[in-house]
Amino acid sequence: MKDFLKLIIGNGLNEFPYIADFLDSYGLVLRDDDYEKSFFSYFNSLDEDILEDKGINIEILKEQFLQFMIAMESSVEADSDVEYITILGGYNKFGEKEDIELCIKKGEVVSIVGPTGSGKSRLLADIEWIAQGDTPTRRHILVNGKLPDKKRRFSIDHKLVAQLSQNMNFVMDLTVEEFIKMHAESRLVESVEEKVSIIINEANKLAGEKFLPDTPITSLSGGQSRALMIADTAILSKSPIVLIDEIENAGIDRKKALELLIKEEKIVLMATHDPILALMGDRRIVIKNGGIHKVIDVTEKEKSNLDYLQELDNKLLELRNKIRQGETLESI
Amino acid sequence: MKFITISGPPSSGKTSVILKVIESFKQKGYKSGVVKFDCLVTDDDKLYEAKGIPVKKGLSGGLCPDHFFVSNVEACVEWGIDLNLDILISESAGLCNRCSPHIKGITAVCVIDNLSGVNTPKKIGPMLKFADIVVITKGDIVSQAEREVFASRVKIVNPKATIINVNGITGQGAFELATLLEDTEGIDTLKGKQLRFSMPAALCSYCLGETRIGESYQMGNVRKMDFGGDKG
């Protein structure tokens, strides 16, 4: 292992800019002459009393620093690509065996359907946790046909599932640009500025009403927020699986949204009962009594109805716009 | 008996998480109990009682809650052992950010919520920085991006910890947390164990009931703010 404590602070900060976050999180402010010191001698030069106030001491600080560097290095490491996941059946609420071995590939869209409380969330949780027969359903999840590395379970950088929930709010007081930039920096991606502008651009293609980079995120409409988060998740999130909890019809082009996720090679799982979304997918997993009841392949015949459904949908959208423009609906 | 300390800022969702975790423990066949530490008032003990979970409540009142915790925790463990519990959880609110309730060799959990803001992780001291497991709650009401930024900020201040998202309402993640906590080693007593870090100090005239303001009333462990050279 590299001895990071021997690093000269100035060089360290150049090579690993995230060290600044570490120092900041302990309230450590560097003076000009500190930059030429090694981390080892800098930490040793700190006042124990001041550190104790912050709830730390020199030895622990050194240890935390080393742990931090190791953790950050491993999060920069390239992920082994997830090509497909396999769900091996377990048991439903009544102890009946799920007779299933379901393989879902990159770029595939699968809907999960079933009444509330039927076990949709458990299935998604099993996938997120990479269940190994150790959850109530006793399902097994394989990645690329194999038992995945256990560290995936606990590592926030190797999370399998990114979740886009329905009732999603922003709590930060930032503009769209600042917000996406902050996310990009936390993901340690390269060319942050470029990524940020791509995301805002893509989000605007999905959103019914356009927004600007300097729009505060808290003033985005529901549709704009969802558009921004879908573009952000498609482009920034490292998680290979995107779980969407219903995409509301209002203010977002759902077809383009799915296309973007597919283009970015995500595995898309949607908990939805919307006929259009369900037909845009390749398959539907039907959940009943806590178990996978069956898997329906979306047939050509079903798909052929998509145009008709979309026509209906566009009609409604048109009427919605009329209302928005202050027109009447006397002739529709 | 396995003993676990769970702490976190007020209203971060500790009780909800513990209730869900205990449900999972029950499924796994464990008998669990809770000691709830708080400052002035708590009704959370009733929530545990309603679920038939043995619970003891300790209110620190006018004392530093941290000091109250450490002076009573040993007796709590004895209580749990007397009741033949398999797992005892202590729940305490970190009422100041310098709180340091974790014990060496005892599984330490910190609960912190997504709504508290991205700068919160760095403001919290030993309670978060020296926890073995950090549970992040309220993920369902913020965006995926905020969840990821928040988790990465937690990782900066506690790179060793296992970070896990738990939804205290739906229980998503609680089963997984219970599985993690199951690995805790059993203990017979806390006697001789050590805190992971010293607690915030307090020993001044105000600790002893002084109410008057002014230099001449201040004795003991007193510290002054630095206003630079421009004062007087």
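Structure: see above.
Now for a quick tour of the structure. (Residues numbered from 1 in each chain as written. Chains lettered and ligands numbered in written order. Predicted model: local features only at pLDDT ≥ 70, side-chain atom pairs only at ≥ 80, totals over all residues. Heavy atoms only, no water.)

## A closer look at the pairing of strand β5 (residues 107–113) of chain B
All names here are of chain B. Burial analysis of β5 places seven of its seven residues in the buried class, which makes it a mostly covered element. Judged from the four bridges that link them, strand β1 (residues 2–8) and β5 form a sheet pairing that is parallel. The partner of T5 across the bridge, within β5, is A108. Sheet topology places β5 next to strand β6 (residues 133–137); five bridges connect them, and they run parallel. When the bridges of β6 are listed, C110 appears paired with V134. (Buried < 20%, exposed > 50% of the residue type's maximum accessible area, 1.4 Å probe, protein only. Helix = DSSP H or I, 4+ residues; strand = E, 2+ residues; numbered from the N terminus. Pairing = 2+ DSSP bridges.)

## Side note on the packing of helix α6 (residues 120–129) of chain A against helix α7 (residues 174–182) of chain B
Closest axis-to-axis distance for the α6(A)/α7(B) pair is 10 Å, and the angle between their directions is 40°. On the basis of the axis angle, α6(A) is oblique to α7(B). Mapping the contact onto sequence places A:R122, A:A125 and A:W129 in α6(A) and B:F175, B:E176 and B:T179 in α7(B). Its residues assigned to classes, the contact of α6(A) with α7(B) comprises three nonpolar, one polar and two charged. (Axes fitted to C-alpha atoms, helices over the stretch in contact; angles between N-to-C directions. Parallel < 35°, antiparallel > 145°, perpendicular 65-115°, else oblique. Contact = heavy atoms within 4.5 Å. Nonpolar A, V, L, I, M, F, W, Y, C, P; charged D, E, K, R; others polar.)

## Topic: helix α6 (residues 144–157) of chain B
In an α-helix there are 3.6 residues to a turn, and that puts residues three or four apart on one side. With 14 residues, α6(B) should reach 20 Å at 1.5 Å per residue; the first-to-last C-alpha distance of 21 Å fits that figure. Counting buried residues along α6(B), 13 of its 14 residues qualify, which places the element largely inside the surrounding structure. (Expected span 1.5 Å × (residues − 1).)

## Let's talk about the interface of chain B and chain A
Where interface size is quoted, it is often the accessible area lost as the parts come together. Taken together, the 40 residues of chain B in the interface contact 50 residues of chain A. Summing the contributions of chain B and of chain A, the shared interface buries around 3800 Å²; its carbon and sulfur component is 58%. Considering only the surface of chain B that becomes buried against chain A, B:E146, B:K155 and B:I156 emerge as the three largest contributors, covering 15% of it. Here chain B is connected to chain A by four salt bridges. The shortest N-O distance in the salt bridge between B:E148 and A:R187 comes to 3.3 Å. Inspection of the region where chain B meets chain A yields 16 residue pairs in polar contact (both at pLDDT 80 or more). Of all the secondary structure elements, the ones that give two or more residues to the side of chain B that touches chain A are α5 (126–129), α6, β7 (162–165) and α7 of chain B. Sorting elements by how many residues they give to the side of chain B that touches chain A places α6(B) first, with 12 residues. The class makeup of the residues in the side of chain B that touches chain A is 17 nonpolar, 11 polar and 12 charged. (Buried area = accessible area lost by both parts, 1.4 Å probe. Salt bridge = Lys/Arg side-chain N within 4 Å of Asp/Glu carboxyl O. Polar contact = N/O pair within 3.5 Å; in protein donor to acceptor, adjacent residues only side chain to side chain.)

## Remarks on the packing of aromatic side chains
Aromatic ring pairs are defined here through the distance separating the ring centres and the angle between the ring planes. Under the defined criterion, the tally for this structure stands at 15 aromatic pairs over all chains. Ring plane angle 45° and centroid distance 5.7 Å describe the contact between B:F130 and B:F197, whose orientation is recorded as tilted. One end of the pair, B:F130, is in the loop between α5 and β6; the other, B:F197, is in the segment after α7, with 67 residues separating them in the sequence. Taken as a pair, B:F130 and B:F197 share a single burial class, namely buried. Here the aromatic residues A:F4, A:F16, A:Y18, A:F22, A:Y26, A:F39, A:Y42, A:F43, A:F65 and A:F68 are joined through ring pairs into a cluster of three or more. Across the ring face of A:Y91, the terminal group of A:R138 is positioned such that the distance to the ring centre comes to 4.3 Å. For B:K28, the ring lying beneath its charged end belongs to B:F175, and the centroid distance is 4.5 Å. (Phe/Tyr/Trp six-rings, centres within 6.5 Å; stacked < 30°, edge-to-face > 60°. Lys NZ or Arg CZ within 6 Å of the ring centre and 35° of its normal.)

By themselves, these observations are geometric and do not establish any function.
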